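Coordinates in review
Chain by chain, the residues:
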Amino acid sequence: RRVRRRRATALLRMGRIKGVKRPAIATPIPVPGSTPTVMLDAGANAEVEAEWLTQFALMGTVYAKARFGIAQPKVGLLSIGEEPGKGDTLRKEAYELLAAASGIQFVGNVEGRDLMQKTADVIVTDGFTGNVALKTLEGGLKTLFGALLTAFGSEPQYKEHADALLPALLPMYATFDPDNTGGAILLGIDGVCIISHGSSSARAMGNGIKVAREMVDTDMVGAIRAAIANGDKWPGV
């Protein structure tokens, strides 16, 4: 509900880029040793149409280029198997449209296990599936790091070894810390809108402001506007 209110507020204040069917929330998913994977939609649209996913792919491609400097982002469609015929009707229809679309480098279906790999730089899905996947990752990582800290402190003899390991583990923890990502971004509106948790720390807010400035400086919105205009030639869009 909070996400819908934020999206509605952004639309009222900034408006939608001409030609955009629905704005989508793009969230960076950390990948150790590499640039993050951009997943969208992460919750703005619980139900989508296949042609919307082609626009999500295009907007995600522009964003991945602007924010992470990826020259030719690879785009994947989140499904239950890698084969083209896998998935429900939505996924099958979206696969055909994405395969025929220009302006993106579509690599086919990807699975949930690929979210933190470099199988694709941009992964598109509906907002319901994307939000569930995102919250599952957040909860899993929190549980994992909590279990590690509990194990380190479970026996006195482990303390020395834990102290030796912490310098190596802390950078990895920082990679997965959502406060370091600068928040998600709402793509498709005619402006830059960063979406953060209601409980975001000062560090998270600062990083979000930094990301917003970078996207303004690189004219990401202008690039999306131009890409959507060219996307009028896409099948089904």
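Let me sum up the structure you'll find in this document. A quick note: this is a predicted structure, and the numbers were derived from the prediction, not measured.

**Let's talk about the overall build of the chain**
Helices and strands together make up the secondary structure of the chain, namely seven helices and seven strands. Counted from the first residue to the last, the chain has its helices and strands arranged as α-β-β-α-β-α-β-β-α-α-β-β-α-α. Against the compact-globule benchmark of 18 Å for 237 residues, the chain has a radius of gyration of 19 Å, which places it among compact chains. Principal-axis analysis of the C-alpha atoms places the extent of the chain at approximately 65 × 40 × 35 Å. Relative to its 237 residues, the chain shows a buried fraction of 45%. When contacts within the chain are restricted to residue pairs at least 6 apart in sequence, long-range pairs at least 24 apart make up 73% of them. Counting only carbon and sulfur atoms, one obtains 55% of the accessible surface of the chain, whose full area is about 12,200 Å².

**Description of the pairing of strand β4 (residues 105–110)**
Looking at chain direction, strand β3 (residues 74–78) and β4 are connected through five bridges and run parallel. For L78, the partnering residue across the bridge sits in β4 and is V110.

**Observations regarding the packing of aromatic side chains**
Under the counting rule described, the total for this entry stands at two aromatic pairs. With centroids separated by 6.2 Å and ring planes inclined at 70 degrees, the aromatic side chains of Y63 and F68 adopt a geometry described as edge-to-face. Here Y63 matches F68 in class, with each residue buried. Geometrically, the ring pair formed by Y95 and F106 is edge-to-face, given 5.2 Å between the ring centres and 75 degrees between the ring planes. Highlighted residues: Y95 in helix α3 (residues 89–100) and F106 in strand β4, separated in sequence by 11 residues.

**What about the side chain of N109?**
Here N109 shows up in strand β4. On the basis of relative accessible area, N109 is assigned to the buried category, the value being 6%. Side-chain polar atoms of N109 contact the backbone oxygen of G81, separated by 3.4 Å. One polar contact links the side chain of N109 to the main-chain carbonyl oxygen of E83, over a distance of 2.8 Å. With residues up to four places along the chain from it excluded, the contact list for N109 reads L77, S79, G81, E82, E83, P84, K86 and Y95.

**Some details on the nonpolar core**
L40, F56, L187 and M220 are the most contacted members of the largest nonpolar core, which has 42 residues in total. If we skip the residues at most four places from it in the chain, F56 touches R22, P23, A24, L40, D41, N45, V48, V124 and T125. A44, F176, I189 and I195 belong to the second largest nonpolar core, which has 21 residues in total.

**Re helix α2 (residues 50–68)**
Over its 19 residues, α2 extends 26 Å from the first C-alpha to the last, a length consistent with the 27 Å expected when each residue adds 1.5 Å. Along α2, 16 of the 19 residues are buried, which leaves the element largely enclosed by surrounding structure. Positive backbone phi, at 70 degrees, marks G69, one or two positions downstream of α2.

**Let's talk about the pattern of salt bridges**
One pass over the full model with this rule turns up eight salt bridges. Put simply, R91 and D88 hold a salt bridge, and the shortest N to O gap is 3.0 Å. Of the residues examined, R91 reaches a relative accessible area of 11% and is grouped as buried. Given a relative accessible area of 40%, D88 falls into the partly exposed group. Within the structure, one salt-bridge network assembled from shared partners comprises E82, E111 and R113.

**Notes on the packing of α2 against helix α7 (residues 220–230)**
Direction vectors running N to C along α2 and α7 enclose 145 degrees, while the axes themselves pass 10 Å from each other. Between α2 and α7 lies a crossing whose hand is right-handed. Contact with α2, carried on its side by Q55, L58, M59, V62, Y63 and A66, involves M220, A223, I224, A227 and I228 of α7 and no other residues of that element. Of the residues that constitute the contact of α2 with α7, the class distribution is 10 nonpolar, one polar and no charged.

**Notes on helix α4 (residues 127–152)**
If you check α4, its first and last C-alpha atoms are 38 Å apart, about what 26 residues at 1.5 Å a residue would give, namely 38 Å. Burial in α4 covers these residues: G127, G130, A133, L134, L141, F145 and F152. Elements in contact with the buried residues of α4: β1 (24–29), β2 (37–40) and α5 (159–176). The N-cap of α4, judged by a side-chain oxygen 3.2 Å from the amide nitrogen of F128 a few residues on, is D126.

Each value, and the rule that gives it
- Residues numbered from 1 in each chain as written.
- Predicted model: local features only at pLDDT ≥ 70, side-chain atom pairs only at ≥ 80, totals over all residues.
- Heavy atoms only, no water.
- Helix = DSSP H or I, 4+ residues; strand = E, 2+ residues; numbered from the N terminus.
- Rg over C-alpha atoms; globule rule 2.2 N^0.38 Å.
- Buried < 20%, exposed > 50% of the residue type's maximum accessible area, 1.4 Å probe, protein only.
- Contact = heavy atoms within 4.5 Å.
- Areas by Shrake-Rupley, 256 points an atom, 1.4 Å probe, with all protein chains shown as cover.
- Pairing = 2+ DSSP bridges.
- Phe/Tyr/Trp six-rings, centres within 6.5 Å; stacked < 30°, edge-to-face > 60°.
- Polar contact = N/O pair within 3.5 Å; in protein donor to acceptor, adjacent residues only side chain to side chain.
- Core = buried A, V, L, I, M, F, W, Y, C linked by side-chain atoms within 4.5 Å.
- Expected span 1.5 Å × (residues − 1).
- Salt bridge = Lys/Arg side-chain N within 4 Å of Asp/Glu carboxyl O.
- Axes fitted to C-alpha atoms, helices over the stretch in contact; angles between N-to-C directions.
- Left-handed = near helix turned anticlockwise from the far one by under 90°.
- Nonpolar A, V, L, I, M, F, W, Y, C, P; charged D, E, K, R; others polar.

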